Amino acid sequence: MDEAFAGVEHELGTTAACRLTGRSRATHYRRLKPPPARGPRQPQVQPSALSTEERDSVLELMNSPEYAELPPAQIWARELDTGRYHCSVSTMYRILRKRGQWGERRRQATHPAKTVPELVADGPSQVFTWDITKAAGPSKGIWYHAYVIMTSSAATSSATPSNWPNQLSGRRS
């Protein structure tokens, strides 16, 4: 296609050659002058960015005993009330995130691992426990509650429909 275009372009002109070959004129002119290859970008430093010393002093302020458990928005507001402005709230969050301190700032309670209670009996009638189970009945709206009382040696149970008063009056639950 490029060879056909080059042969026709000199005789008919660029516009007629583009129409004849079905090529866009914009594509033709873009191919004549391709954009220069991009080089590596230079890192840009914002003129209003905090210096390393300023970032360290803001981090030291946020980690001070007075502010250690407060979120950056409250630290910013309290410092502003005293007439001191260090940086914006979002910059405070950015500093904490960069240092890996972006989580909860309050002291968190640590609880010991919970153990499952174990019932141990080495004879009859030493351990008693119970359970209630709700099971579907023979038709819609009828449920059976099974009450189970267990001992270390035997288990007794009874099952009654949960809507038996309603069955007597003809209502459904």
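These numbers were taken from a predicted model, which means no experiment stands behind them.

### Things to note about the overall build of the chain
Reasoning step 1: Each helix and strand in the chain was counted, giving 7 helices and 3 strands.
Reasoning step 2: Starting at the N terminus and ending at the C terminus, the chain contains elements arranged as α-α-α-α-α-α-β-β-β-α.
Reasoning step 3: For the chain, buried positions account for 17% of its 173 residues.
Reasoning step 4: Entry remark: accessible area of the chain is about 14,300 Å², with carbon and sulfur atoms responsible for 55%.

### Section: empty space enclosed by the protein
Reasoning step 1: All told, the structure shown has 1 cavity of 30 Å³ or more when counted by the stated rule.
Reasoning step 2: Of the voids in this model, the largest cavity is the one considered here, and its volume is about 30 Å³.
Reasoning step 3: Lining the largest cavity, in full, are Ile75, Trp76, Glu79, Leu80, Arg84, Tyr85, His86, Cys87 and Met92.
Reasoning step 4: At 4 residues, helix α5 (residues 72-81) tops the list of elements feeding residues into the lining of the largest cavity.
Reasoning step 5: The residue inventory of the lining of the largest cavity, partitioned by class, reads 6 nonpolar, 1 polar and 2 charged.

### Describing the packing of aromatic side chains
Reasoning step 1: For the structure on display, the rule yields 0 aromatic pairs.
Reasoning step 2: Sitting over the ring of tryptophan 143, lysine 134 keeps its end group 5.1 Å from the ring centre.

### Thoughts on the packing of helix α1 (residues 2-12) against helix α2 (residues 14-21)
For any two helices packed against each other, one specifies the inter-axial angle together with the distance between the axes.
Reasoning step 1: In contact at an axis separation of 7 Å, α1 and α2 are set at 140° when each is read in the N-to-C sense. Classified by the angle between their axes, α1 and α2 sit oblique to one another. Crossing angle aside, the handedness with which α1 passes α2 is right-handed. Residues Phe5, Val8, Glu9 and Leu12 of α1 lie in contact with α2, whose contacting residues are Thr14, Ala16, Ala17, Cys18, Leu20 and Thr21.
Reasoning step 2: Across the contact of α1 with α2, the residue classes break down as 7 nonpolar, 2 polar and 1 charged.

### Description of α5
Reasoning step 1: The complete set of buried residues in α5 reads Pro72, Ile75 and Glu79. Across the axial projection of α5, the buried residues extend over an arc of 60°, all falling on one side.
Reasoning step 2: Considering only its buried residues, α5 is in contact with α4 (52-62) and α6 (89-98).
Reasoning step 3: Note on α5: the residue one or two positions beyond its end, glycine 83, has a positive phi of about 95°.

### Some details on the confidence of the model for the chain
Reasoning step 1: Mean pLDDT over the chain works out to 80, with 84% of the residues at or above the 70 mark.
Reasoning step 2: Low confidence marks residues 153-173, where pLDDT is under 50. Its contacts with residues over four positions away, or in another chain, come to 35 contacts.

Cut-offs applied
- For every chain, the first residue of the written sequence is number 1, and numbering continues from 1 onward in sequence order.
- Residue-level local features of this predicted model are given only where pLDDT is at least 70; pairs of side-chain atoms are given and counted only at 80 or more, and the full residue set underlies all totals for whole chains, interfaces and linings.
- The side-chain values count all of the structure's non-hydrogen atoms but skip hydrogen atoms and water molecules.
- The way it works is that DSSP assigns letters per residue, a run of H or I at least four long becomes a helix, a run of E at least two long becomes a strand, and they are numbered from the N terminus.
- Think of it in three bands: with a 1.4 Å probe and only protein chains considered, a residue is buried below 20% of the maximum accessible area for its type, exposed above 50%, and partly exposed in between.
- Surface exposure here means Shrake-Rupley accessible area, sampled with a 1.4 Å probe, where a residue is shielded only by the protein chains that are shown.
- As defined here, a cavity is a set of points on a 1 Å grid over the protein atoms alone where a 1.4 Å probe fits but cannot get out. A pocket is an open set with protein on both sides within 12 Å along at least five of seven lines, and residues line them when an atom is within 4 Å of a point.
- Grid points are joined across faces, edges and corners, and a volume is the space filled by probe spheres set on the points.
- Each residue gets one of three labels, nonpolar for Ala, Val, Leu, Ile, Met, Phe, Trp, Tyr, Cys and Pro, charged for Asp, Glu, Lys and Arg, and polar for the others, Gly among them.
- Aromatic pairs are defined between Phe, Tyr and Trp rings, using the six-membered ring for Trp, whenever the two ring centres lie within 6.5 Å; interplanar angles under 30 degrees are classed as stacked, those over 60 as edge-to-face, and all others as tilted.
- Lysine NZ or arginine CZ positioned within 6 Å of the ring centre and within 35 degrees of the ring normal marks a charge as sitting over the ring.
- Here an angle of 0 to 180 degrees is reported between the N-to-C directions of two axes, which are lines fitted to C-alpha atoms, with helices fitted over the stretch in contact.
- In this scheme, roughly parallel covers angles under 35 degrees and roughly antiparallel covers those over 145, while 65 to 115 is roughly perpendicular and the rest are oblique.
- Left-handed describes a crossing whose near helix is turned anticlockwise from the far helix by less than a right angle; the clockwise case is right-handed.
- Contact between two residues is taken to exist if any of their heavy atoms lie within 4.5 Å; hydrogens are not considered.
- Note: the arc covers the axis-to-C-beta directions of the helix.
- Note on scores: pLDDT gives the predictor's confidence for each residue, bounded by 0 and 100.

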